Amino acid sequence: MEQVRNIVILTGAGISAESGLRTFRAEDGLWEDHRVEDVATPQAFRRDPELVQRFYDERRANILAAQPNPAHAALARLDREWPGELLIVTQNIDDLHERAGAARVLHMHGEGLSAWCTACDARHRWEGTLSDNPPCPSCGEAALRPDIVWFGEIPYRMDEIFAALARADLFVSIGTSGAVYPAAGFVQEAKRTGARTLELNLERSQGSAWFDETRLGPASGLVPAWVEELLK
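Residues numbered from 1 in each chain as written. Predicted model: local features only at pLDDT ≥ 70, side-chain atom pairs only at ≥ 80, totals over all residues. Heavy atoms only, no water.

This paragraph deals with the overall build of the chain. Looking only at helices and strands, the chain has nine helices and 11 strands in total. Counting only C-alpha atoms and orienting by the principal axes, one finds that the chain spans roughly 55 × 40 × 30 Å. Here the chain holds 232 residues, and 50% of them are scored as buried. Pairs at least 24 residues apart make up 63% of the contacts formed inside the chain by residues separated by at least 6 positions. Summed over all atoms, the accessible surface of the chain reaches about 11000 Å², with 49% contributed by carbon and sulfur. Side-chain charges in the chain split into 24 positive and 35 negative, and the spacing between the mean points of these groups amounts to 3 Å. (Helix = DSSP H or I, 4+ residues; strand = E, 2+ residues; numbered from the N terminus. Buried < 20%, exposed > 50% of the residue type's maximum accessible area, 1.4 Å probe, protein only. Contact = heavy atoms within 4.5 Å. Areas by Shrake-Rupley, 256 points an atom, 1.4 Å probe, with all protein chains shown as cover. Lys, Arg positive; Asp, Glu negative; His and termini not counted. Charge placed at Lys NZ, Arg CZ, Asp CG, Glu CD.)

Glancing now at the pairing of strand β9 (residues 170–174). For a regular strand, side-chain orientation follows a simple rule: the groups alternate between the two sheet faces. Judged by how many residues are buried, β9 sits mostly within the fold: five of five residues are covered. Of the two faces of β9, both are covered, the one formed by Leu170, Val172 and Ile174 as well as the one formed by Phe171 and Ser173. The pairing of strand β1 (residues 7–11) with β9 spans five bridges and is classified as parallel. Following the sheet pairing, Ile7 is matched in β9 by Leu170. Pairing of β9 with strand β10 (residues 196–201) involves five bridges; the strand directions are parallel. Across the sheet, residue Ile174 finds its bridge partner in β10, namely Leu200. Once the chain exits β9 it traverses helix α8 (residues 186–192) before rejoining the sheet at β10, and the crossover so formed is right-handed. (Pairing = 2+ DSSP bridges. Right-handed = clockwise from strand over helix to strand, strands pointing away.)

With that settled, the discussion passes to the sheet that holds strand β5 (residues 105–107). Strand order across the open sheet formed by six strands is β5-β4-β1-β9-β10-β11, with parallel pairing between neighbours. Two strands lie at the open edges of the sheet, namely β5 and β11 (213–216), each paired on one side alone. Taking the axes of each pair of neighbouring strands and ignoring which way they run, one obtains an average angle of 15° across the sheet. Two elements, β10 and β11, share four bridges in a ladder whose sense is parallel. What sits directly across from Asn201, in β11, is Leu216. Where helix α9 (residues 219–231) meets the sheet, it contacts β1, β9, β10 and β11, and its direction lies at approximately 145° from that of β10. (Axes fitted to C-alpha atoms, helices over the stretch in contact; angles between N-to-C directions.)

The structure is reproduced here in structure tokens:
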């Protein structure tokens, strides 16, 4: 570990579950009691925009009500104190990393507290509802949608992520299922470029065999302990 300078951390739903935000897809295939195909695809938005907007209005309210947990706080501490490169790539749409104090955060699947205007391409922080079709603050058009990467869309800033993985000495995956690509392939990319790999998870992910080491348990316990170990 004394040779580690550049770190890439991938976080998934497991790190926010302990803050009361449900994981993306439950065992019954539903997300917040909806079929994913009905609320998280471009086709669903074209078919029933009112349903999709209401769904994300609820997610937005849940995000605002949630609070960062010790795992978020530990990563924020690492962000403040780590002297080398650090990038926290999150699959989560909540802002709990930022509210805990982390700055080097990249939301590859978009942000729940952001609205994207499909007319002028502007993005605005958004804490209210979108189901009432408010006008875009930039262009005035009623063309706002959740700034979320849906199934069938390309995740954000992939070039930056792969560039960081290429420079990484250590790749750490926290609270992810290892089932959703391209994020599930990051561990293989990191190993290809020579990084050590560590999984911190409640249970082994689908890609657990790719990691040099796996530690199992709640993120709120594992992550602070690992950060303390790393900073020592």
